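Listed below, chain by chain, are the residues.
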Amino acid sequence: MKAPAIQFDDVTLAYRRHPAVHHLSGTFEPGSLTAIVGPNGAGKSTLIKAIIGAIRVDEGRIHVRDIDPRDIAYLPQQSELDRSFPMEVLDLVSMGLWRRVGPLRRIDGEHLDRAVEALAAVGLKDFERRAIGTLSGGQMQRVLFARMLLQDARILLLDEPFTAIDSRTTADLLELVQRWHGEGRTVVAVLHDLEIVRREMPNTLLLAREPVAWGPTAEALTAENLLLARQMSEATLEGAPVCRRAAA
Ligand SMILES: Nc1ncnc2c1ncn2[C@@H]1O[C@H](COP(=O)(O)OP(=O)(O)OP(=O)(O)O)[C@@H](O)[C@H]1O
């Protein structure tokens, strides 16, 4: 698989001129597996949303070359999902096939088989007709991973995929993450559990609105860097000062 890099060139992302991410430069290398780590409010989700184009880049540029936006798979935070929508598991998983079959086509034949297989691969055999509102948090996360399996994207962006997920489910889903990495895809995950990061993630971006460290995990996650990130974050807890350079 030929996965693209994601390159940041002095990127600032702001909400009404208050920067959530400030002057970030660096690259998620092709085929790399990277954790984004940082305190609450450090700008991690904002950065992910900017990569998928959901948030405007105020200053600088994000380069993701030679890629169709549908070739980026995005797993939002659980809190951003509306599970009250009356939808069956099979419909949600099948959304992963939109790039191939189009949004309004019926899913049948080979495509149906593939959706059922993806559900079985995440341990949800026979869940096809369940309403998504009846799933537990862990089951819902498995469904979303099945959708990503079907999407077969070259870039995968995961925002807190294991928050409030039990250890068994986390272990199963981590296997998929490692599989995607092994297949040469570029994978980025926002994570809070430093034990998982140290064990599973070769690279880490430590963010506290500004990048504190970015590189091999053991070098990025030193006690000194973590303390610095916390201090930087506490200093801006009341909100980031206005950036004069960011667009209004
Ligand atoms: N839509 C918005 N409008 C205004 N400010 C926002 C908006 N979304 C996020 N922010 C602010 O931007 C900053 C960064 O938020 P972001 O959600 O990116 O942080 P995070 O590192 O993902 O945090 P957490 O670990 O708590 O999920 C925070 O101060 C947040 O309040």
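Computed from a predicted model, the values in this text were never measured in an experiment.

**Structural notes on the site of the ligand**
Taken together, 13 residues are adjacent to the ligand, and Asn40, Gly41, Lys44, Ser45 and Thr46 come closest. Broken down by element, the residue count for the shell around the ligand peaks at three residues, all from helix H1 (residues 44-51). A per-class count over the shell around the ligand returns four nonpolar, seven polar and two charged.

**Observations concerning the packing of aromatic side chains**
Scanning the model with the defined rule gives five aromatic pairs in all. Ring geometry for phenylalanine 8 and tryptophan 214: centres 6.1 Å apart, planes at 55 degrees, overall tilted. Of this pair, phenylalanine 8 sits in strand E1 (residues 6-15) while tryptophan 214 is found in strand E9 (residues 210-216), placing the two residues 206 residues apart along the sequence. With relative accessibility at 26%, the residue tryptophan 214 sits in the partly exposed group.

**Focus on the sheet that holds E1**
Read across the sheet, three strands follow the order E2-E1-E4 without closing on themselves; strand pairing throughout is antiparallel. Only two strands of the sheet have a single neighbouring strand rather than two, namely strand E2 (18-28) and strand E4 (59-63). The average undirected angle you get between the axes of adjacent strands in this sheet is 25 degrees. Where E1 and E4 come together, four bridges link them in antiparallel fashion. Within E4, the residue paired with phenylalanine 8 across the bridge is isoleucine 62. Against the sheet, H1 engages E1, E2 and E4, with an angle of about 115 degrees to E1.

**Structural notes on the environment of phenylalanine 28**
By the secondary structure assignment, phenylalanine 28 is in strand E2. Of the residues examined, phenylalanine 28 reaches a relative accessible area of 0% and is grouped as buried. Between the C-alpha atom of phenylalanine 28 and that of asparagine 203, which follows or precedes it by 175 residues, the distance is 9.1 Å. In this structure phenylalanine 28 touches Ala5, Ile6, Phe8, Thr34, Ile36, Ile51, Thr186, Val188, Leu205 and Trp214, once residues within four positions along its chain are discounted.

**Things to note about the confidence of the model for the chain**
Here the chain shows a mean pLDDT of 90. Residues at 70 or above account for 92%. Taken together, the chains of this predicted complex give a pTM of 0.91 and an interface ipTM of 0.97.

What counts and how
Residues numbered from 1 in each chain as written. Predicted model: local features only at pLDDT ≥ 70, side-chain atom pairs only at ≥ 80, totals over all residues. Heavy atoms only, no water. Near = heavy atom within 4 Å. Helix = DSSP H or I, 4+ residues; strand = E, 2+ residues; numbered from the N terminus. Nonpolar A, V, L, I, M, F, W, Y, C, P; charged D, E, K, R; others polar. Phe/Tyr/Trp six-rings, centres within 6.5 Å; stacked < 30°, edge-to-face > 60°. Buried < 20%, exposed > 50% of the residue type's maximum accessible area, 1.4 Å probe, protein only. Pairing = 2+ DSSP bridges. Axes fitted to C-alpha atoms, helices over the stretch in contact; angles between N-to-C directions. Contact = heavy atoms within 4.5 Å. pLDDT = per-residue confidence, 0-100.

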